[in-house]
Structures are given as structure tokens and as C-alpha cells.
Amino acid sequence: MTIMEVVIAMVGNYVATIAFGILLNIPRRALNLSGWIGVLGYLLYQVTIVFGGGYVVGNLLGAVAIGVASLQAARWKKMPMILFNIPALVPLVPGGQAYEMIKNFALGQNDTALTFLLQVVMISGAIAFGFLLSELVNRLRQRAWRHHR
């Protein structure tokens, strides 16, 4: 992946995240930060894939990064965390695989469709587990910070 492709991907993910935030009607003061959190999650996803981690691990790490960054943004802006993490998840959603699954089921190619179904389930599970892990990371960090004081 060239530097220009990375820049185009970052801009596209930023715009997609903000556009989804506008569709969800999140406050204006949360849009920019949620866009950058979406870019952060997607970059971590791409770096994981480039270094051979695979789609599932990439989505897991991206979701953890989005969860941790969303909590920090929520504290900084004094807003609910969901305003940052839901729009930021848009780049990680397995929409392409879901489309291919439905298309192949409609065409009667059930074996291929089941392969895509398995991918959708694994990626969705990785995203959900990533949010669970981000909660664990946030709680451990809070505990360490309180204990350090």
C-alpha cells in the first residue's frame, strides 16, 4: 500500500465516519473527534492486515482502539461514549462480505454464501469482543491511575 493510498483511505474513512454521525444526528462538537477515532481504528485494522494478522484480528484490534479512544473522547468532551464509538465503527463493519453472502444465497451458490456468512459472523464477533476488551482495558487503566495517586 503506497502513502497516497493510505492518505486516500484515511480521508475516505474520516468522511464516512462523519457522514454516518450526521445521519445519526450526533452533536456537531462530537463529529470531528469521532471521525478521527474512526480513522485510528481503521489504520490499526490495516496495519494488522499488512503484517499478516488477518481480518478478524484486525477488526478486534481496531474495535479495542475505538473503544479506548471513545472513552477518552467522552471524558474530554463530557459527552456519552456512544456518540464517538458508533460512528467510528462504520469502517470496520463487514458490509462487503454481507452483500456477497446475500448475493450468493440469491444465486443458489450456497457453499460460497456460507463462507461469507462465516466471515461476517467472525468479524462481527471480533468487533463485539473488541469492545468488551476495551472496557477491560479502560477499567484496568482507571484502577492503575487511582492506585498510582
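What counts, and where the lines are drawn
Numbers given for residues are sequential positions, taken from 1 along each chain in its written order. At least 70 in pLDDT is required for a residue's local features to be given in this predicted model, at least 80 for side-chain atom pairs to be given and counted, and no such filter applies to totals for whole chains, interfaces and linings, which use all residues. Values shown for side chains rest on all heavy atoms present in the structure; no hydrogens or waters enter the calculation. Runs of H or I in DSSP of at least four residues are treated as helices and runs of E of at least two as strands, each being numbered from the N terminus. Buried means the residue's accessible area, taken with a 1.4 Å probe over protein chains only, is under 20% of the maximum for its type, while exposed means over 50%, and partly exposed covers the values in between. Only heavy atoms enter the contact rule, under which two residues are in contact if any of them lie within 4.5 Å. The protein chains shown are the only cover counted for residues, whose accessible areas, like all others here, come from Shrake-Rupley with a 1.4 Å probe. We score Asp and Glu as negative and Lys and Arg as positive, and we do not count His or the chain ends. Charge placement uses NZ in Lys and CZ in Arg. For Asp and Glu, CG and CD serve respectively. Here, expected helix span is obtained from the residue count minus one, scaled by 1.5 Å. Residues with no salt bridge and a relative accessible area higher than 30% make up the patches, which join like charges within 9 Å and nonpolar side chains (Val, Leu, Ile, Met, Phe, Trp, Tyr) within 5 Å. In the sections that follow, a salt bridge refers to a side-chain nitrogen of Lys or Arg positioned within 4 Å of a carboxyl oxygen of Asp or Glu. pLDDT is defined as a per-residue confidence score from the predictor, taking values between 0 and 100. Each pair of aromatic rings taken from Phe, Tyr and Trp, with Trp reduced to its six-membered ring, is defined by centres within 6.5 Å and is described as stacked if the planes are under 30 degrees apart, edge-to-face if over 60, and tilted in the remaining cases. Here, a charge over a ring is recorded when the distance from Lys NZ or Arg CZ to the ring centre is within 6 Å and its angle to the ring normal is within 35 degrees.

Q: Would you mind going over the overall build of the chain in detail, with residue names and values included?
A: Within the chain one finds 6 helices and 0 strands. Reading the secondary structure of the chain in the N-to-C direction produces α-α-α-α-α-α. For the C-alpha atoms alone, the extent of the chain along its principal axes is close to 60 × 30 × 30 Å. Here the chain, with 149 residues, has 38% of them falling under the buried criterion. Residue pairs in contact within the chain that sit at least 24 positions apart in sequence constitute 66% of those at least 6 positions apart. Accessible surface, the chain: about 9,100 Å² in total, of which carbon and sulfur atoms supply 70%. Positive and negative charge centroids in the chain, built from 11 and 4 side chains respectively, lie 28 Å apart.

Q: Tell me about helix 3 (residues 54–77), and name the residues and values.
A: Across its 24 residues, helix 3 extends 34 Å between first and last C-alpha, which sits within 8% of the 34 Å expected from 1.5 Å per residue. Residue Lys-78 follows helix 3 closely and has a positive phi angle near 55 degrees.

Q: Describe in detail a nonpolar patch on the surface, supporting the description with residues and values.
A: A cluster of nonpolar residues, Ile-3, Met-4, Val-7, Ile-8, Val-11 and Val-15, forms a patch on the protein surface that exposes about 610 Å² of accessible area. Considering the arrangement of structural elements, one finds Met-4 in helix 1 (residues 3–23). The exposure class of Met-4 is exposed, given its relative accessible area of 55%.

Q: Before we move on, can you summarise a positive patch on the surface with the specific residues and values?
A: On the surface, Arg-75, Arg-141, Arg-143 and Arg-146 cluster together into a patch of positive charge. As for its placement among the helices and strands, Arg-75 is situated in helix 3. Given the relative accessible area of 40%, Arg-75 is considered partly exposed.

Q: How would you summarise the confidence of the model for the chain if you had to cite specific residues and measurements?
A: When pLDDT is averaged along the chain, the result is 94; 100% of the residues meet or exceed 70. For the chain, the element scoring lowest by mean pLDDT is helix 6 (residues 110–148), at 93; helix 5 (residues 95–106) scores highest, at 96.

Q: Give a description of the environment of Pro-27 that names residues and reports values.
A: Examined against the element boundaries, Pro-27 turns out to sit in the loop between helix 1 and helix 2 (28–50). Residue Pro-27 is classed as partly exposed on the basis of its relative accessible area, which comes to 33%. For Pro-27, the contacting residues outside a window of four places in its chain are Met-79 and Leu-83.

Q: Account for the packing of aromatic side chains, with residues named and values stated.
A: Each aromatic ring pair is summarised here by two numbers: the centre-to-centre distance and the angle between the ring planes. Evaluated as defined, the whole model comprises 2 aromatic pairs. An angle of 45 degrees between the planes, with centres 5.1 Å apart, marks the rings of Tyr-14 and Trp-36 as tilted. You can see Tyr-14 sitting in helix 1 and its partner Trp-36 sitting in helix 2, a full 22 residues away along the chain. A relative accessible area of 21% places Tyr-14 in the partly exposed class. The exposure class of Trp-36 is partly exposed, given its relative accessible area of 45%. Considering the side-chain rings of Tyr-42 and Tyr-45, the 5.6 Å spacing of their centres and the 40 degrees angle between planes classify their relative orientation as tilted. With Tyr-42 and Tyr-45 both in helix 2 and 3 residues apart, the pair spans about one turn of that helix. Both residues of the pair, Tyr-42 and Tyr-45, belong to the buried class. Above the face of the Trp-76 ring, Lys-77 is positioned so that its terminal group lies 5.0 Å from the ring centre.

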